[in-house]
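Descriptive structure summary
Below are the chains, spelled out letter by letter.
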Amino acid sequence: MAKAINWPRQYRDEVMEEPSDKRFAAFRLGRLYFDNHYWVAGEEVDIRVNHRIIRRATIIGDMKCCSIEDLMPEDYEAQKSDLKTPEAVISFLSSTYEKPVTPQTEVTVVYYQNHPLDPEIMDTQDDPHMA
């Protein structure tokens, strides 16, 4: 099983339609990924939706960790279409992780660039926790 960035089912169409010549960002609650250097610049990962592979991507640059209130405009510009404001990110992370989230909550930010869609891998299930 490859490392992955997983998105909820609601983002399936958006993940499939994203171009492969643009940088995208994922925000994950807390410092766990950051402190453990989980994603490393240049490595290839799966982009999953609801734990099913949709495409591959390459990690771009180093991760960062900061509070939601310290996220930069470029962090939001690289996000999903409905996660472009602090309020939207707080709501998304709170519902996804089922934990209280405030503007002071720390998030890990990872940037990635999608590979072109590959029908050979699309919708495959390789997560043993979801079998």
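Summarised in this report is the structure supplied together with it. (Residues numbered from 1 in each chain as written. Predicted model: local features only at pLDDT ≥ 70, side-chain atom pairs only at ≥ 80, totals over all residues. Heavy atoms only, no water.)

Side note on the environment of Asp 75
Within the element layout of this structure, Asp 75 appears in helix 3 (residues 73-77). The spacing of Asp 75 and Val 110 is 35 residues in sequence and 9.4 Å in space, taken between C-alpha atoms. Excluding anything up to four places from it in sequence, Asp 75 contacts Ala 25, Phe 27, Lys 64, Val 109 and Tyr 111. A distance of 2.7 Å separates a polar atom in the side chain of Asp 75 from a polar atom in the side chain of Lys 64. A distance of 2.5 Å separates the side chain of Asp 75 from the side chain of Tyr 111, its partner in a polar contact. (Helix = DSSP H or I, 4+ residues; strand = E, 2+ residues; numbered from the N terminus. Contact = heavy atoms within 4.5 Å. Polar contact = N/O pair within 3.5 Å; in protein donor to acceptor, adjacent residues only side chain to side chain.)

Quick look at the pairing of strand 2 (residues 23-29)
Within strand 2, 6 of the 7 residues are buried, leaving the element largely enclosed by the surrounding structure. Pairing geometry for strand 2 and strand 6 (residues 106-114), over 7 bridges, is antiparallel. The residue of strand 6 that forms the bridge with Phe 27 is Val 109. (Buried < 20%, exposed > 50% of the residue type's maximum accessible area, 1.4 Å probe, protein only. Pairing = 2+ DSSP bridges.)

Examining the environment of Ala 57
Note that Ala 57 resides in strand 4 (residues 52-59). Sequence separation between Ala 57 and Ala 4 is 53 residues; the distance between their C-alpha atoms is 9.0 Å. Apart from residues no more than four positions distant in its own chain, Ala 57 is found in contact with Glu 43, Glu 44, Val 45, Ile 47, Tyr 112, Gln 113, Asn 114 and His 115.

So, helix 4 (residues 86-97)
Spanning 12 residues, helix 4 covers 16 Å between terminal C-alpha atoms, matching the ideal 16 Å at 1.5 Å per step. Of the positions making up helix 4, those classed as buried are Val 89, Ile 90, Phe 92 and Leu 93. Angular distribution of buried residues about the axis of helix 4 spans 165°; they occupy a single face of the element. Facing away from the buried side of helix 4, by more than 90 degrees, are the exposed residues Glu 87 and Ser 95. Considering only its buried residues, helix 4 is in contact with strand 1 (4-7), strand 2, helix 3 and strand 6. In the segment just after helix 4, Glu 98 is the residue with positive phi, at about 55°. (Expected span 1.5 Å × (residues − 1). Arc of directions from axis to C-beta.)

What about the state of the cysteines?
Applying the stated criterion across every chain, the model contains 0 disulfides. Among the cysteines around Cys 65, which has no disulfide bond, Cys 66 carries the closest sulfur, lying 6.8 Å off. You can call Cys 65 buried: its relative accessible area is 19%. (Disulfide = S-S within 2.5 Å.)

So, the pairing of strand 4
Taken across its 8 residues, strand 4 has 6 buried, putting it largely inside the fold. As paired strands, strand 3 (residues 44-49) and strand 4 are joined by 6 bridges and run antiparallel to one another. When the sheet's bridge partners are listed, Val 49 is paired in strand 4 with Arg 52. A loop of 2 residues connects strand 3 with strand 4, the two strands running antiparallel in sequence, and Asn 50 in this loop sits at a positive phi of about 55°. As defined by bridge partners, strand 4 adjoins strand 6 across 3 bridges and the pair is classed as antiparallel. If you follow Ala 57 over to strand 6, its bridge partner there is Asn 114.

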